[in-house]
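Chain by chain, the residues:
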Amino acid sequence: MGRLTGKHALITGGTSGIGLETAREFLAEGAAVAITGRSRERLEEAARQLDGPLLPIVSDAGDVPGQAALAARLQEEWPRLDIVMSNAADVTHLPIEEWTEEAFDRLVATNLKGPFFLIKALLPLLSRQASVILVGSVSAFIGHENAAVYGAAKAGLLSFSRGLTYELKDRGIRVNGLSPGPTLTGTFNSLGPERQAAIYDELRRTVPLHRIGTATELAKAAVYLASDESAYTAGTVLRVDGGIGELAY
Ligand SMILES: NC(=O)c1ccc[n+]([C@@H]2O[C@H](COP(=O)([O-])OP(=O)(O)OC[C@H]3O[C@@H](n4cnc5c(N)ncnc54)[C@H](OP(=O)(O)O)[C@@H]3O)[C@@H](O)[C@H]2O)c1
């Protein structure tokens, strides 16, 4: 029997990277999995790579009213929801001079406000042993280039693991953060191969474990937080970051 047999899981941003690998692990552990993304095409491409009971749903995590529509869709399909992984993110990194109010609002809507209203909308569907996983970032803990807005939104998101666990504990709902360090995914693709290679070299030098993590390593940690094995883990943040959030280098 799988570690998630009989459970229903939602992963926002499940078409690539950590979300896609987590969908793969959840399915392998026996869960039924819904994934979201912004386009039908990318969801179809992800579905071709996955095996098992999958529900792909077009949904923009930054569309705050749209979170209720996502919850309503899940309510139509499933009797309950046991796992929510808020993983979709706007990863815009800019120097302060280049931020517009519109871009700032968009990032905060996607990374902080949308996840909050998604959890609110999902409450009637969440089972009594539900696990909510909020994907943060090491940027919530350490400062680095052009990451002020992204880091602040991720710090706010991870803070929900404490505030919402407190508020939802009597319903049996646990909320935990999962905080990746530098992880090999498509996130840096838009930078082009040269800049990407330079960033990876720099990261290999500065991450205390001297390597970049894999999406599978994050997905395995998500399985732990999603499963009943973590039943006594609540309101905390699990850092899977090669030590970069905690250790000097
Ligand atoms: N990779 C790293 O080094 C790293 C480090 C720290 C934290 N993280 C965090 O880990 C999480 C996953 O990152 P990743 O590296 O796996 O990224 P990725 O490979 O770029 O995947 C991002 C996923 O989010 C979806 N997405 C983006 N914006 C969305 C939106 N507005 N609505 C719905 N879906 C949206 C994308 O789907 P579509 O494009 O199909 O819509 C895709 O499925 C993020 O929360 C990120 O902040 C990553």
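Structural data are supplied above this passage.
As a starting point, this report considers the structure included with it. (Residues numbered from 1 in each chain as written. Predicted model: local features only at pLDDT ≥ 70, side-chain atom pairs only at ≥ 80, totals over all residues. Heavy atoms only, no water.)

## Notes on the site of the ligand
Argument step 1. Around the ligand, the structure places 31 residues, and the nearest of them are Thr 15, Ala 61, Asn 87, Tyr 150 and Thr 185.
Argument step 2. Note that an oxygen atom of the ligand is positioned 3.0 Å from one of the side-chain N or O atoms of Ser 16.
Argument step 3. Contact with the protein chains hides 92% of the accessible area of the ligand, taken as 900 Å² for the molecule alone.
Argument step 4. Counting only elements with at least two residues in the shell around the ligand, the list comes to helix H1 (17–28), helix H4 (101–122) and helix H5 (148–168). (Near = heavy atom within 4 Å. Polar contact = N/O pair within 3.5 Å; in protein donor to acceptor, adjacent residues only side chain to side chain. Areas by Shrake-Rupley, 256 points an atom, 1.4 Å probe, with all protein chains shown as cover. Helix = DSSP H or I, 4+ residues; strand = E, 2+ residues; numbered from the N terminus.)

## Details of the environment of Ser 139
Argument step 1. Structurally, Ser 139 is set in the loop between strand E5 (126–135) and H5.
Argument step 2. Classification of Ser 139 by relative accessible area gives buried; the value is 8%.
Argument step 3. With residues near it in sequence (within four places) discarded, Ser 139 still touches His 144, Ala 147, Tyr 150 and Gly 151. (Buried < 20%, exposed > 50% of the residue type's maximum accessible area, 1.4 Å probe, protein only. Contact = heavy atoms within 4.5 Å.)

## Looking at empty space enclosed by the protein
Argument step 1. For the coordinates displayed, the defined rule picks out 1 cavity of 30 Å³ or more.
Argument step 2. In this structure, the largest cavity occupies an estimated 40 Å³ of space.
Argument step 3. The leading source of residues in the lining of the largest cavity is H4, at 4 residues.
Argument step 4. A class-by-class count of the residues in the lining of the largest cavity yields 4 nonpolar, 5 polar and no charged. (1 Å grid on protein atoms, 1.4 Å probe; cavity = no way out; pocket = protein on both sides within 12 Å on 5 of 7 lines; lining within 4 Å. Points joined across faces, edges and corners; volume = space filled by probe spheres on them. Nonpolar A, V, L, I, M, F, W, Y, C, P; charged D, E, K, R; others polar.)

## Re the environment of Leu 125
Argument step 1. Along the chain, the position of Leu 125 falls in the loop between H4 and E5.
Argument step 2. In sequence terms Leu 125 and Ala 148 are 23 residues apart; their C-alpha atoms lie 35 Å from each other.
Argument step 3. Beyond its immediate stretch of four places on either side in the chain, Leu 125 contacts Ala 71, Leu 74, Gln 75, Trp 78, Pro 79, Arg 80 and Leu 81.

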